[in-house]
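# A structural walkthrough
Given next are the chains, with one letter for each unit.
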Amino acid sequence: MGTFCNYHPTRPAQWICPSCEVNYCKDCIEKRVVEQYGKKNVFHFCPKCNIEAERALFEDTVVPFWNRLPKFFVYPFHLQPLVLVFVLGIASALLSRLPILGFLVKVAVWGILLKYSFAALKNTANGNFTPPKIDSKTISEDFGIVFKQLGIFVITFIAFYKIVQTAGVIMGLAFLCFAVLSIPAMIIVLVGTDSLIRAINPIIFVQIAWRIGWSYLLMYLFLMLLGGAPAVIGQYVTGYLPAGIHHFIFKLAENIYTIISYHLMGYVIYQYHEEIGYEVDLDEAESTSQDISSGQDAAERILNRVDMLIREGSIDDAIVLIKSETKGSILNLDLAERYYNLLKIRGQTPDMLRHGKVYLDLLAKKNQKGKLCEVFSECVSKDAQFTPNPSTLMRIASCFNEAGNPKKALDTYNRFVKANPKSPLTPKAYFLASNILNEKLKNPRKAASILNGLIKKYPDSEIMPHVKKYLSKIKLS
C-alpha cells in the first residue's frame, strides 16, 4: 500500500525525510537546483528540518494505467494534437481520392500521424504527460522509427507467408495470432532500443511482455478496443451525418484513437520502466509533467510551506516566513490572500492595512468583484481613512454600483476625489458620482450641481462633451 503526504492525505508521498520522518508530495518538498560541471542537478530537502529527503518507492507514487483511463481519452484534445488530427483528417478527406496524388497523401498522413504518435509515446514514457508540440523536430527528425515500425509489419507478414508455405495455414494463423499479440511488446522494445532487429527478436519482446505481466494483456485489450472504435463510429455514428463528411469523421476518429493508443503504451512503459529496464529521469519527469509536477514557481513553494505551518498551528512562523521570503513584493493572489488572513487573525492591523492595498490591486486585476468590495469594506472598518491605489479605488466604486449598492459606490467615489484631487481620473469620478445621484438615488439637483462644478473646474477634460450632454438631459423638478 502506498504512503501518502502528511499535508495532502489524498496525494502519494514522493519524498520522505529521514530525520523527522515526514512524508511529502511533489508540491510540499523543497527543490534546489545546483549546476555542477555544466549540468543542472535537482536536490530535494525537507522544508521543516532542511535535511536532504529520500525518494519514496516509485510503485507507491505512480497511478496504475487502469486507474487513469479517462485521462488517456482527454490527451488528444489538447491544442497541439487536436490541430494535427483535424488538419490530417481534412487533408485525407479532400485529397486521398485523387489518383496517384491520393495515394501519396495517404502515405504522408499515415507517416506524420505515426511520427507524432511515437513522439507522444516517448514523452509519456519519460514521465511527461504534455502532448508534444507540432514542429519540425517532432514531425521530421528521427523519422526512421516510422519505417522501423513498418518493418515490423512487413517482416511479420513475410514470416506468416513463409510459415503458411512450409507448415500450412493452421500453423500460419497460430503464428499470426502470436505476432499480433506481440506487436505492442515489439513497439516497446523498438522505442527503448531504436533497433528493428531487437524489436523482432522473440527472446526480447516475449521477455518484456512477461515482465509487465497480466497488465500487458489488459493493455492489449484496451488497444484492441481503441483500434476497433473508428470502425464502430463509421458504422453507427456517421449514419446520422451528411454523406459528404463520412470519410472525414472516420479519419478524425482513427487519428484520435491512434494517438490515445500510443499515449497508453507510453504510460505502460513509464509505469513498468523498472521491470523492463527502460531508463526514466524522474527529476526531469517531475519538471516537465503536468500530472507529476506542474513546475512550481517561487510563490507556490512559499504557499506550500505556509500551509504546512498553518496546519501545525504555527501562524506567527507563517507570517514571518512570508515577510522574509517576499520582502513585501507579493504578486500571487493566493499568497496575498493567505497573508492578509493571517495578519487579520493575529490582529496585526497596521500590517494588514498596508498589505490590504496590495491584495486589493491583485483582486481588481483578477476581476474578483465580490471579494474586492468585501476586503475594502473590511479595511475601511479598521481605518476610516484607508485609501487604496487610485485605479483600484475606481474599480471598487464601480463594483459597488454593479452590485446594487449605490450609496457605497457614491461614498467610494467621494473618497477617491478627496484622496486624488489632481488625478486625471478625478473628472470621471465626479461624473460617475453624478450618474448615481441622478439615476439611483433620485437626487437630480445634487447631480446637476456636481456637473456644473465639474464644467467650471475641468473645462478641458476629455469627458466634457459627455458631461454637457448628460447635464442637458437631467430633469429638475
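Residues numbered from 1 in each chain as written. Predicted model: local features only at pLDDT ≥ 70, side-chain atom pairs only at ≥ 80, totals over all residues. Heavy atoms only, no water.

## Topic: the overall build of the protein
- The secondary structure content of the protein amounts to 23 helices and five strands.
- Across the 477 residues in the protein, those meeting the buried criterion constitute 44%.
- Here the contacts in the protein between residues at least 6 apart in sequence split such that 60% fall between residues at least 24 apart.
- About 25600 Å² of surface is accessible on the protein, with carbon and sulfur atoms providing 60% of the total. (Helix = DSSP H or I, 4+ residues; strand = E, 2+ residues; numbered from the N terminus. Buried < 20%, exposed > 50% of the residue type's maximum accessible area, 1.4 Å probe, protein only. Contact = heavy atoms within 4.5 Å. Areas by Shrake-Rupley, 256 points an atom, 1.4 Å probe, with all protein chains shown as cover.)

## Digging into the sheet that holds strand 2 (residues 23–24)
- The strand order across the open sheet formed by three strands is 2-1-5, and the pairing between neighbours is antiparallel. Of all the strands in the sheet, just strand 2 and strand 5 (54–55) have a single pairing partner and so form its edges.
- Bridge count for strand 1 (residues 15–16) against strand 2 is two bridges, and the pairing is antiparallel. Paired with Trp15 across the bridge in strand 2 is Tyr24. (Pairing = 2+ DSSP bridges.)

## Points about the confidence of the model for the protein
- Here the protein shows a mean pLDDT of 83. Residues at 70 or above account for 89%.
- Element-level pLDDT for the protein is lowest in helix 13 (residues 282–288), with a mean of 47, against a maximum mean of 94 in helix 18 (residues 369–382).
- Here residues 284–296 is a poorly scored stretch, pLDDT under 50, and it has 39 contacts once near neighbours within four places are set aside; other chains count. (pLDDT = per-residue confidence, 0-100.)

## Focus on the packing of helix 18 against helix 19 (residues 390–402)
- Where helix 18 contacts helix 19, the two axes come as close as 9 Å, and the packing angle between them is 110°. Viewed along their axes, helix 18 and helix 19 adopt a mutual orientation that is roughly perpendicular. Where helix 18 crosses over helix 19, the handedness of that crossing is left-handed. Where helix 18 abuts helix 19, its residues Lys369, Leu372, Cys373, Phe376 and Ser377 lie against Thr392, Leu393, Arg395, Ile396, Cys399, Phe400 and Glu402. (Axes fitted to C-alpha atoms, helices over the stretch in contact; angles between N-to-C directions. Parallel < 35°, antiparallel > 145°, perpendicular 65-115°, else oblique. Left-handed = near helix turned anticlockwise from the far one by under 90°.)

## Quick word on helix 19
- Over its 13 residues, helix 19 extends 19 Å from the first C-alpha to the last, a length consistent with the 18 Å expected when each residue adds 1.5 Å.
- As for helix 19, its buried residues are in contact with helix 17 (349–365), helix 18, helix 20 (406–419) and helix 21 (426–439).
- Count one or two residues on from helix 19 and you reach Gly404, which has phi positive near 80°. (Expected span 1.5 Å × (residues − 1).)

## Concerning helix 18
- Counted at 1.5 Å a residue, the expected span for helix 18 with its 14 residues is 20 Å, and the 20 Å between its end C-alpha atoms agrees.
- Within helix 18 the residues assigned to the buried category are Leu372, Cys373, Val375, Phe376 and Cys379.
- Where the residues of helix 18 are buried, they touch helix 16 (333–345), helix 17, helix 19 and helix 20.

## What about the pattern of salt bridges?
- Across all of its chains, the model carries 11 salt bridges by this definition.
- Across the pair Asp351 and Lys323 runs a salt bridge, and its minimum N-O distance is 3.3 Å. Linking Asp351 in helix 17 with Lys323 in helix 15 (residues 315–326), this pair joins segments that are 28 residues apart in sequence.
- You can call Lys323 partly exposed: its relative accessible area is 37%.
- Note that Arg354 is salt-bridged to Asp351, the shortest N-O span being 2.3 Å. Residue Arg354 and its partner Asp351 are both found in helix 17; the two are separated by three residues, about one turn of the helix.
- Residues joined by salt bridges that share partners form a network here, namely Lys323, Asp351 and Arg354. (Salt bridge = Lys/Arg side-chain N within 4 Å of Asp/Glu carboxyl O.)

## Here's the deal with a nonpolar patch on the surface
- A cluster of nonpolar side chains, contributed by Phe86, Ile90, Leu94, Leu95, Ile100, Leu101, Phe103, Leu104 and Val107, occupies part of the molecular surface with about 900 Å² of accessible area.
- Those elements that provide at least two residues to the nonpolar patch are helix 3 (79–95) and helix 4 (101–125). (Patch = residues over 30% accessible without salt bridge, like charges linked within 9 Å, V, L, I, M, F, W, Y side chains within 5 Å.)

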